[in-house]
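What follows is each chain in one-letter form.
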Amino acid sequence: MAGLLSTQCNSALNKLKLLRNNPALSVLTSTQRKYSSKDGAGIEYLHKSVVPTMHYQKSLPRLPVPKLEDTIRRYLAAQRPLLNDEQYSNTEKVTHDFQSGAGKQLHEELVALDKNNKHTSYISAPWFDMYLSARESVVLNFNPFMSFNPDPKPEYNDQLVRATNMVCSAVRFMKTLRAGLLEPEVFHLNPAKSDTDSFKRLIRWVPPSISWFGAYMVNAYPLDMSQYFRLFNSTRIPKYKRDELLTDDKGHHLLVLRQGNLYVFDVLDRDGNLIKPAEVHAHLKYILTDPTEAPSFPLGVLTSENRDTWAGLRQKLLDAGNGEALQLVDTALFCLCLDEEVMRDHIHISHNMLHGDGCNRWYDKSFSIILAKDGQAAINFEHSWGDGVAVLRFQNEVFKDTTEKPLVGPGSQPASVDSASAVRRLGFKLDEGLKAGITKAKENFHAAVSKLTIDAMEFKKGGKEQLKKKKLSPDAIAQLAFQMGFLRQYGQTVATYESCSTAAFKHGRTETIRPASIHTKRCAKAFVQQPGQHTVEQLQGLLSECSKYHGQLTKEAAMGQGFDRHLFAMRYLANSKGMALPSLYQDPAYAAINHNILSTSTLTSPAVSLGGFAPVVPDGFGVGYGVHDEWIGCNVSSYPARNVHEFLKCVHKSLEDIFTVLDGKPIH
């Protein structure tokens with residue numbers, strides 16, 4: 001039986017590799033994942049899945065460690081457009097020396113280590129370590145945001161109504177997840193076969209140790225859900241040199257911030273059930289009408305500090321007798337931030353949801369739901385515990401539930417309960433040292449965010465539909481437009497990063513797609529610097545080449561076949577052994593390719609209006625984008641070293657030129 005299963009496993013994994021050639025698998029996006037809701041789930045649950053939530057987790061395939069020669073080949077291909085001939089020749093030599101020397105040894109050790117840790121992936125521990133050991137502020141450097149679309153019914157966008165509904169839906173999601181009733185996260189390539197009640201009734205009886213293969217037989221790919229438990233009752237605790245993640249699922253309370261004041265109240269009763277929505281409504285109304293003034297020394301701003309600084313100040317807070325209050329913050333189900341400002345436009349939303357004023361946030365919570373005065377809502381999340389797959393699923397479910405089955409409405413009356421005794425405003429004992437620390441944290445926060453500029457662009461002359469008709473990858477064309485835009489503005493090709501989920505594997509995190517290639521460089525030069533020297537057909541051919549190559553890179557990354565994580569894991573292994581750092585990692589070209597001037601990430605979802613993050617380097621751009629059916633949107637951030645407004649004009653011009661050529665017309 002074991003031998004037969006092993007053969008089946010190998011066969012299934014080989015077929016999984018064939019997915020690389022399937023154009024449907026561009027990136028693991030939410031568009032192919034459908035979550036079915038069963039009626040009769042009651043007020044406690046969003047739905048009752050026929051298939052248990054973690055049914056597939058045990059049999060998920062393991063993240064492959066790529067072959068060393070493949071990693072070397074892919075690395076050199078990604079370096080080629082960034083280097084001149086002399087630099088490339090040097091990097092080629094250093095890289096081949098690594099392949100036959102230190103790299104060979106590190107790779108063999110990594111493979112052996114991986115074989116001894118079959119319960120996880122080779123990247124999981126090093127990746128957690130990278131995030132938790134980083135000492136920079138989580139604000140701008142790590143925490144991203146994703147904003148909700150407004151409720152289609154305008155009267156439900158009232159701050160109190162929407163906050164109440166979102167809290168109730170979030171608790172229902174948590175209850176559904178913990179009861180094992182949340183639909184498993186599955187990537188359906190043929191939903192008509194796999195996303196059906198009959199298939200689900202069948203697969204639930206297949207043992208968890210082989211259930212993945214059953215799903216695989218109908219072209220469905222269950223995704224890793226190991227990060228989900230960190231969504232609730234979780235926080236990142238600052239510690240000297242390396243932070244810790246804390247999850248304590250016994251907490252029944254919600255953390256609410258308003259005007260820098262911190263409040264808690266129980267949203268679960270003693271049996272662990274959601275309290276009446278009218279009571280949540282009453283408690284939130286009480287907080288929104290609390291006349292307490294904003295504190296002169298708001299504690300939340302400390303979570304925006306350098307991690308070692310914050311660790312020292314947290315210890316002072318504990319020494320001053322604030323342990324119980326901090327524990328309530330850390331173990332709260334999640335954080336709800338009720339802001340006083342009305343949002344003026346998309347740019348204001350981006351600034352507010354990405355960083356805000358620093359005082360009405362607790363950036364260390366696994367996630368915060370932020371609600372502006374006008375009901376504009378977003379999620380800001382701490383990044384060390386997860387990669388956004390779990391957060392996006394949560395956001396999709398909360399949006400669907402609050403818009404389709406809201407539990408309170410504009411005409412609802414809050415319950416007649418004693419909110420004054422149910423809601424507790426947390427007080428903190430602060431000595432002069434802590435007050436000075438908070439003042440300094442405020443100064444540092446404002447100095448950092450004042451340097452950030454955000455701008456947005458919407459290209460309305462075409463989108464996914466038109467590109468697919470021309471047999472071009474929409475993501476490839478968006479990425480090409482960034483390459484063209486940067487070339488037009490700055491005259492060069494630079495290190496570019498696109499995030500790709502590897503959640504198709506057990507404990508997968510992300511892999512990097514490297515969109516800057518010899519193909520995009522050739523194509524961008526033709527469009528930007530030599531438009532008159534090429535026929536329309538030649539330009540169309542260059543677009544097609546870029547699309548094919550980007551499609552290949554994307555599929556390789558989604559299958560765990562990039563080069564970045566492999567090289568990172570070997571470097572991590574060398575460091576942990578105290579080895580001298582191999583010359584590949586000391587090559588200036590290695591530093592340059594990891595100085596990602598263009599850091600990009602895409603998502604499209606019915607729940608999300610826009611997403612964003614800060615640049616990852618001082619002279620970079622943070623590019624959040626979405627390719628929609630009929631239009632393409634970008635939300636881009638920069639620091640003073642770059643001009644984001646000019647960049648977006650150049651990207652817009654690039655998209656105009658691309659769509660002009662696709663229409664068979666010449667560009668000038």
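Residues numbered from 1 in each chain as written. Predicted model: local features only at pLDDT ≥ 70, side-chain atom pairs only at ≥ 80, totals over all residues. Heavy atoms only, no water.

- Going by what an unreviewed UniProt entry lists, the chain is known as Carnitine O-palmitoyltransferase 2, mitochondrial and is assigned to Ctenopharyngodon idella.
- One UniProt comment on the chain, placed under Pathway (unreviewed entry), says "Lipid metabolism; fatty acid beta-oxidation."
- Within the UniProt record for the chain, the comment given under Sequence similarities (unreviewed entry) is "Belongs to the carnitine/choline acetyltransferase family." (UniProt positions renumbered as here; feature names shortened; annotations may be inferred.)

Brief notes about helix α6 (residues 159-178)
Consideration 1: With 20 residues, α6 should reach 28 Å at 1.5 Å per residue; the first-to-last C-alpha distance of 28 Å fits that figure.
Consideration 2: Most of α6 sits out of view: 19 of its 20 residues are buried.
Consideration 3: Between the side-chain oxygen at the start of α6 and the backbone nitrogen of L160 there is a gap of 3.1 Å, and the oxygen is on D158.
Consideration 4: Downstream of α6 by one or two residues, G180 has phi in the positive range, about 75°. (Helix = DSSP H or I, 4+ residues; strand = E, 2+ residues; numbered from the N terminus. Expected span 1.5 Å × (residues − 1). Buried < 20%, exposed > 50% of the residue type's maximum accessible area, 1.4 Å probe, protein only. Polar contact = N/O pair within 3.5 Å; in protein donor to acceptor, adjacent residues only side chain to side chain.)

What to know about the pairing of strand β17 (residues 621-627)
Consideration 1: Within β17, seven of the seven residues are buried, leaving the element largely enclosed by the surrounding structure.
Consideration 2: Sheet topology note: the strand β15 (residues 598-602)/β17 ladder contains five bridges and is parallel. Looking at β17, one finds that L598 is bridged to F621.
Consideration 3: Pairing between β17 and strand β18 (residues 632-638): seven bridges, direction antiparallel. Bridging across to β18, V627 finds its partner in I632.
Consideration 4: Here β17 folds back onto β18 in antiparallel fashion, the turn holding four residues. (Pairing = 2+ DSSP bridges.)

So, the UniProt feature "domain: Choline/carnitine acyltransferase" (unreviewed entry) in the chain
Consideration 1: Residues annotated in UniProt with the feature "domain: Choline/carnitine acyltransferase" (unreviewed entry) correspond here to residues 63-652.
Consideration 2: In residues 63-652, the share of helix is 44% and the share of strand is 15%. The end C-alpha atoms are 38 Å apart.

Examining the domain arrangement of the chain
Much of the literature gives interface size as the accessible area that the parts lose upon coming together.
Consideration 1: Domain parsing of the chain yields domain 1 (68-132 + 453-663), domain 2 (141-182 + 229-450) and domain 3 (186-222).
Consideration 2: For domain 1 versus domain 3, the distance between C-alpha centres works out to 32 Å. (Domains from an automatic or database assignment.)

Digging into the pairing of strand β4 (residues 234-237)
Consideration 1: Burial along β4 is two-sided: the face carrying S234 and R236 and the face carrying T235 and I237 are both buried.
Consideration 2: As paired strands, β4 and strand β5 (residues 244-247) are joined by four bridges and run antiparallel to one another. Looking across to β5, one finds that S234 is bridged to T247.
Consideration 3: Here β4 folds back onto β5, and the loop between the two strands holds six residues, one of which, K241, carries a positive phi near 75°.

Observations concerning the sheet that holds strand β13 (residues 496-501)
Consideration 1: Across the sheet, which stays open at both edges, the six strands sit in the order β12-β18-β17-β15-β13-β14 with mixed pairing between neighbours. In the strand order of this sheet, the two ends are held by β12 (453-459) and β14 (510-513), each with one partner. Here the average twist between neighbouring strands, direction ignored, is 25°.
Consideration 2: Seen against the sheet, helix α18 (residues 474-490) touches β13, β15, β17 and β18 and runs at an angle of roughly 145° to β17. (Axes fitted to C-alpha atoms, helices over the stretch in contact; angles between N-to-C directions. Contact = heavy atoms within 4.5 Å.)

Observations concerning the packing of helix α11 (residues 307-319) against helix α12 (residues 323-331)
Consideration 1: Look at α11 against α12: their axes get within 8 Å of each other, and the N-to-C directions meet at 125°. One element, α11, and the other, α12, form an angle in the oblique class. The residues of α12 that touch α11, namely those facing R314, L317 and L318, are G323, L326 and D330. (Parallel < 35°, antiparallel > 145°, perpendicular 65-115°, else oblique.)

A closer look at the environment of G462
Consideration 1: In this structure, G462 sits in the loop between β12 and α17 (464-469).
Consideration 2: Expressed as a C-alpha distance, the spacing of G462 and E630, which sit 168 residues apart in the sequence, is 5.0 Å.
Consideration 3: Other than its neighbours up to four places away in sequence, G462 contacts E630, W631, I632 and F659.

Description of the packing of helix α19 (residues 518-528) against helix α20 (residues 536-558)
Consideration 1: Viewed as axis vectors pointing N to C, α19 and α20 meet at an angle of 155°, and their least axial separation amounts to 9 Å. By the angle between their axes, α19 is roughly antiparallel relative to α20. Here α19 and α20 pass one another in a crossing that is left-handed. Taking contact as the criterion, the partners of H519, T520, R522, C523, A526 and F527 in α19 are, on α20, L539, L542, L543, E545, C546 and Y549.
Consideration 2: For the contact of α19 with α20, the class distribution of residues is eight nonpolar, two polar and two charged. (Left-handed = near helix turned anticlockwise from the far one by under 90°. Nonpolar A, V, L, I, M, F, W, Y, C, P; charged D, E, K, R; others polar.)

Considering the nonpolar core
Consideration 1: Ranked by internal contacts, the top residues of the largest apolar core, which has 50 residues, are L231, F232, L284, L336 and F394.
Consideration 2: If you tally residues by element for this core, the top one is α6, at ten residues.
Consideration 3: Excluding residues that lie within four positions of it along the chain, L284 makes contacts with L160, A163, T164, V167, V256, F265, L336 and L338. (Core = buried A, V, L, I, M, F, W, Y, C linked by side-chain atoms within 4.5 Å.)

Focus on helix α21 (residues 564-577)
Consideration 1: Between its first and last C-alpha, α21 extends 20 Å over 14 residues, near the 20 Å set by a 1.5 Å rise per residue.
Consideration 2: Those residues of α21 that fall on the buried side of the exposure criterion are D564, R565, H566, L567, A569, M570, L573 and A574.
Consideration 3: Directly after α21, the chain includes G578, whose backbone phi takes a positive value near 75°.

Notes on the pattern of salt bridges
Consideration 1: One pass over the full model with this rule turns up 36 salt bridges.
Consideration 2: Between D97 and K93 there is a salt bridge whose closest N-O contact spans 3.0 Å. One end of the pair is D97 and the other is K93, both in helix α3 (residues 85-100) and four residues apart, which spans about a single turn.
Consideration 3: Judged by its relative accessible area of 53%, K93 is exposed. (Salt bridge = Lys/Arg side-chain N within 4 Å of Asp/Glu carboxyl O.)

What about the side chain of D387?
Consideration 1: Its place among the elements puts D387 in the loop between β10 (377-381) and α14 (389-404).
Consideration 2: A distance of 2.8 Å separates polar atoms of two side chains, one belonging to D387 and the other to R509.
Consideration 3: When residues no more than four places from it in sequence are discounted, the contact partners of D387 are W127, Q227, F381, R509 and T510.

Concerning the packing of aromatic side chains
Consideration 1: Throughout the structure, instances matching the rule amount to 24 aromatic pairs.
Consideration 2: Aromatic pair F173 and F232: ring centres 6.1 Å apart, planes at 45°, arrangement tilted. Taken as a pair, F173 in helix α6 and F232 in the loop between β3 (220-222) and β4 lie far apart in primary sequence, 59 residues in all.
Consideration 3: F232 sits in the buried class, given a relative accessible area of 1%.
Consideration 4: Ring centres of F173 and F394 lie 5.2 Å apart, and the angle between their planes is 85°; on these two criteria the pair is classed as edge-to-face. Here F173, found in helix α6, pairs with F394, found in helix α14; they are 221 residues apart in sequence, far enough to count as distant.
Consideration 5: Joined through ring pairs, the aromatic side chains of Y75, F98, F563, Y585 and Y590 make up one cluster.
Consideration 6: The side chain of K153 reaches across the aromatic face of Y156, ending 4.8 Å from its centre.
Consideration 7: Stacked on the ring of W631, the Lys or Arg K460 has its end atom at 4.9 Å from the ring centre. (Phe/Tyr/Trp six-rings, centres within 6.5 Å; stacked < 30°, edge-to-face > 60°. Lys NZ or Arg CZ within 6 Å of the ring centre and 35° of its normal.)

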